[in-house]
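This is what each chain is made of:
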Amino acid sequence: MYASSNVMGAIGKRFRSLNLSGILANDMLDEFMSVSVPKRLIIQNARLGLCYRILQLAFAAVLMFYCVIMESWKAFNKPVASALVTWCPSVADKLSMGHSNNNSSNSQSRHCMQPEMYHHQGQESDFNFSPNSCVRLTDYDSCYESDRQLFLPTIVRDTDIWRGSGTACGSHHQSWCEGRSASARYDEADGSCSCIMENQYFTESPETRQVLILHGYEVDLRGGHRDRLIRGSADSRSYTESQDGKVWVSEGEIITFIRTPTGEACKVGGRSEWTQPNAVNGIGGSL
């Protein structure tokens, strides 16, 4: 019985291996030596067919509505700001813009009539202010331009230092120094002397100073590769498009809208909307 069981087990293993080989061979034949034809099932039901068509039409309508709302046929590119320029116009610039060169004195303002009301003593000497007059600055001194920044002084601390030695020092020079200004300070030591005179004054009518800007835009149409760019500016009636080293110029201008942080119209220079003819000499006005 034991020998017979071993023989039957060996036959069973051989049979299973042959059966597995046959299954794999049949699968290979079915995969490469046959053609699969899909089956089609038709259900004859009027209500079910109508419901199916309604669902198809509804899906098509939703898809078309989505395309219309999203304007899928358009390509949207966000422009970025570029070529921002700021400056203070000179007298010649004002005349070319049709502005009168009104340099009449405005010394009747409060800070010019009563400068002592604005005296301030800080904890540090650098923050002690004691202006005693108003001075009208020239165009060059009333506006300093640096890159994209402007500096318009409102108060000036002017310090003059005179130094001498030997016969240049003495009581007569001390009298001369102290007579120059009430705040003048005369120092003498080791055969040398100095006279330090400090004058503080307000600038006259800094709020009437004209400040102008010009801005432009740039649009990248090729996803950051920068091989197709459109550029324009607020003072130009055209824009340029460049691609693969070629440049085209086309008609087109932009309108500049000036708004407050809350989105309300804000007038600068008498208008809140600047078209190209208005902006050709710059966008801006007085402070």
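On a predicted model such as this, the values are computed, not experimentally measured, just so you know. (Residues numbered from 1 in each chain as written. Predicted model: local features only at pLDDT ≥ 70, side-chain atom pairs only at ≥ 80, totals over all residues. Heavy atoms only, no water.)

**Concerning the nonpolar core**
Here is step 1: Grouped together as the largest cluster of nonpolar side chains are eight residues: Trp87, Leu212, Leu214, Ala234, Ile258, Trp274, Ala279 and Ile283.
Here is step 2: Among the nonpolar cores identified, the runner-up in size contains seven residues, and Cys169, Cys177, Tyr186 and Met197 belong to it. (Core = buried A, V, L, I, M, F, W, Y, C linked by side-chain atoms within 4.5 Å. Buried < 20%, exposed > 50% of the residue type's maximum accessible area, 1.4 Å probe, protein only.)

**A short note on the confidence of the model for the protein chain**
Here is step 1: In the predicted model, the protein chain carries a mean pLDDT of 81, and 80% of its residues have values of at least 70.
Here is step 2: Here residues 1-18 is a poorly scored stretch, pLDDT under 50, and it has zero contacts once near neighbours within four places are set aside; other chains count. (pLDDT = per-residue confidence, 0-100. Contact = heavy atoms within 4.5 Å.)

**Some remarks on the state of the cysteines**
Here is step 1: In the structure shown here, the tally under the stated rule is four disulfides.
Here is step 2: Each disulfide pairs two cysteine sulfurs, and for cysteine 88 the partner residue is cysteine 143, the sulfurs being separated by 1.9 Å. Every disulfide takes its handedness from the sign of the S-S torsion; for cysteine 88 and cysteine 143 that torsion is 70 degrees, giving right-handed. In this pair, cysteine 88 is assigned in the loop between strand S1 (80-87) and helix H3 (91-96) and cysteine 143 in the loop between helix H5 (139-142) and strand S3 (144-146), connecting sequence segments 55 residues apart. You'll find cysteine 88 and cysteine 143 in the same group, each marked buried.
Here is step 3: The disulfide bridge from cysteine 112 ends at cysteine 134, spanning 2.0 Å between sulfur atoms. On the sign convention where negative is left-handed, the bridge of cysteine 112 and cysteine 134, at about -95 degrees about the S-S bond, is left-handed. You can see cysteine 112 sitting in helix H4 (residues 110-113) and its partner cysteine 134 sitting in strand S2 (residues 134-135), a full 22 residues away along the chain. Across this residue pair, the class does not change: cysteine 112 and cysteine 134 are buried. (Disulfide = S-S within 2.5 Å. Helix = DSSP H or I, 4+ residues; strand = E, 2+ residues; numbered from the N terminus.)

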